[in-house]
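Summary of the model geometry
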Amino acid sequence: MDLHNIVILGSGPAGYTAALYASRANLKPLLIIGAQPGGQLTTTTMVENYPAFPDGVMGPELMDLMRKQAERFGTRILNREATKVDLGARPFVVEAEGETLHSRVLIIATGATPNLLGLNSEQRLMGRGVSTCATCDGFFFKDQEVAVVGGGDSAMEESLYLSKLCSKVTVIHRRDKLRASKIMQERALANPTITFQWQSAVEEILENETNEVEGIRLKNTKTGERSDLALNGLFIAIGHRPNTALLSGQLHMDEQGYIITENGTKTSIPGVFACGDVQDHVYRQAVTAAGSGCMAAMDAERYLEAEGGA
Ligand code: NAP
């Protein structure tokens, strides 16, 4: 049996930073890249709030740099998705698309996934006018009219990005007050291409005869009044849920499925550490995820030392 010291699940800022620190501690970590290589930052454009980049850095480029830095110190990267995890076994067992791995320590850095509205039409029209990623799909709506659902920073960011490509961007928000940070609100509110449809919920996505989005039916959340808005694209930006399905029932999580960590990055199972968005629904920033990835590697190193043999 090939026994690893540390297997890291996930390749966002948390996973790569954990890998960087663990590899520099000579622990030869193996990082399983997961369903979305590079994590959520690969679906964003300019990142302006990651320290040391005074002119900003593109999300995919930042993740590429993190990967290279982790690899430079000996992190091995497995371009697969973990398909099963057994936290009851010692060593821990991870299956990754047919390959079985054994590890003394696991670092969970699987991140979070965008939420959807829950409409049948949304699933059916995903990729046919419905999207959760403006950076990925905005180009398809060049000079067309689109809407963005949500009132948080993600919705503002998506709207601002789309305003550079599209002829009109309507932000659909269920309340009359945005949740987004002041600076993002101000930018979006001042943008002439962006308009706001307040107190509105998307009740239905309307499609044409070729099964592509042609509009949305809105319901006023206060009056119940309905109205239709013609558009070509609908971007959903209403938050995220943690990627913890593989671990369900195996360690302590909150009611939303975020892993509960204590004393740094310790989970309810000794030897299992969690970092990044999978255990953080408050800060959710690349820099906080990276910081907690560092903590997870240091916690893991101490755990292995205490166990002996690290
Ligand atoms: P968020 O802050 O949780 O905001 C989600 C938004 O979606 C809220 O306005 C919420 O409405 C709305 N919403 C939720 N469920 C909905 C539903 N079923 N139907 C309609 N609307 C719904 O999520 P986020 O914008 O993804 O941001 C997450 C975190 O990342 C935040 O901490 C944010 O600051 C950070 N972030 C930062 C940046 C940046 O600084 N550049 C960019 C992106 C994200 P209510 O307001 O009514 O609850």
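Criteria and thresholds
- Residues numbered from 1 in each chain as written.
- Predicted model: local features only at pLDDT ≥ 70, side-chain atom pairs only at ≥ 80, totals over all residues.
- Heavy atoms only, no water.
- Helix = DSSP H or I, 4+ residues; strand = E, 2+ residues; numbered from the N terminus.
- Contact = heavy atoms within 4.5 Å.
- Axes fitted to C-alpha atoms, helices over the stretch in contact; angles between N-to-C directions.
- Left-handed = near helix turned anticlockwise from the far one by under 90°.
- Nonpolar A, V, L, I, M, F, W, Y, C, P; charged D, E, K, R; others polar.
- Core = buried A, V, L, I, M, F, W, Y, C linked by side-chain atoms within 4.5 Å.
- Buried < 20%, exposed > 50% of the residue type's maximum accessible area, 1.4 Å probe, protein only.
- Near = heavy atom within 4 Å.
- Polar contact = N/O pair within 3.5 Å; in protein donor to acceptor, adjacent residues only side chain to side chain.
- Areas by Shrake-Rupley, 256 points an atom, 1.4 Å probe, with all protein chains shown as cover.
- Pairing = 2+ DSSP bridges.
- Expected span 1.5 Å × (residues − 1).
- Patch = residues over 30% accessible without salt bridge, like charges linked within 9 Å, V, L, I, M, F, W, Y side chains within 5 Å.
- Salt bridge = Lys/Arg side-chain N within 4 Å of Asp/Glu carboxyl O.
- Lys, Arg positive; Asp, Glu negative; His and termini not counted.
- Charge placed at Lys NZ, Arg CZ, Asp CG, Glu CD.
- Domains from an automatic or database assignment.
- Buried area = accessible area lost by both parts, 1.4 Å probe.

This paragraph deals with the environment of A155. Here A155 shows up in helix α5 (residues 153-163). Considered as a pair, A155 and R104 are 51 residues apart in the sequence and their alpha carbons are 40 Å apart. With residues near it in sequence (within four places) discarded, A155 still touches V148, V149, G150 and A237.

Further remarks concern the packing of helix α1 (residues 13-24) against helix α7 (residues 286-307). Packing of α1 against α7 brings their axes to within 7 Å, and their N-to-C directions diverge by 35°. In this structure, the crossing between α1 and α7 has a hand that is right-handed. Between α1, through P13, A14, T17, A18, Y21 and A22, and α7, the contact on the second element is made entirely by A286, A289, A290, G293, C294 and A297. Considered class by class, the residues forming the contact of α1 with α7 number 10 nonpolar, two polar and no charged.

This paragraph deals with the nonpolar core. Counting residues in hydrophobic clusters, the biggest one holds 32 residues, and the most contacted among them are I6, Y16, V105 and I107. Mapped onto this core, the elements with two or more residues apiece are β1 (3-9), α1, α2 (59-72), β8 (99-108) and α7. Considering each element in turn, this core owes the most residues, eight residues, to α7.

To continue, consider the site of the ligand. Taken together, 20 residues sit near the ligand, with D153, S154, R174, R175 and R179 positioned nearest. R174 is positioned with one of its side-chain polar atoms (N or O) 2.9 Å from an oxygen atom of the ligand. One of the side-chain nitrogen or oxygen atoms of R175 is found 2.7 Å away from an oxygen atom of the ligand. For the ligand, whose accessible area on its own is 910 Å², the fraction buried by protein is 77%. Take the shell around the ligand: its biggest share by element is three residues, from α5. Within the shell around the ligand, the residues separate by chemical class into five nonpolar, nine polar and six charged.

Right, let's talk about the sheet that holds strand β11 (residues 145-149) for a bit. With parallel pairing, five strands are arranged side by side in an open sheet as β10-β17-β11-β12-β13. Only two strands of the sheet have a single partner each, and these edge strands are β10 (130-131) and β13 (194-197). Relative to β13, strand β12 (residues 168-172) runs parallel, the two being bridged by four bridges. Looking at the pairing, I172 lines up with Q197 of β13. α5 contacts β11, β12, β13 and β17 (233-236) of the sheet and is inclined by roughly 170° relative to β11.

So, about α7. Across its 22 residues, α7 extends 31 Å between first and last C-alpha, which sits within 8% of the 32 Å expected from 1.5 Å per residue. Of all the positions in α7, only A286, A289, A290, S292, G293, C294, A296, A297, D299, A300, Y303 and L304 are classed as buried. G308 sits one or two residues past α7 and shows a positive phi near 95°.

On the surface, R174, R175, K177, R179, K182 and R284 cluster together into a positively charged patch. Its location among the elements puts K182 in helix α6 (residues 182-190). Classification of K182 by relative accessible area gives exposed; the value is 58%.

Let us now look at the domain arrangement of the chain. Looking at the assigned domains, one finds that the chain contains domain 1 (3-113 + 240-306) and domain 2 (116-236). Domain 1 and domain 2 are separated by 32 Å when their C-alpha centres are compared. Taken together, the contact between domain 1 and domain 2 spans five residues of the former and seven residues of the latter. A combined buried area of about 460 Å² lies between domain 1 and domain 2, and 45% of that area is made up of carbon and sulfur atoms. Along the contact surface separating domain 1 from domain 2 lie one salt bridge.

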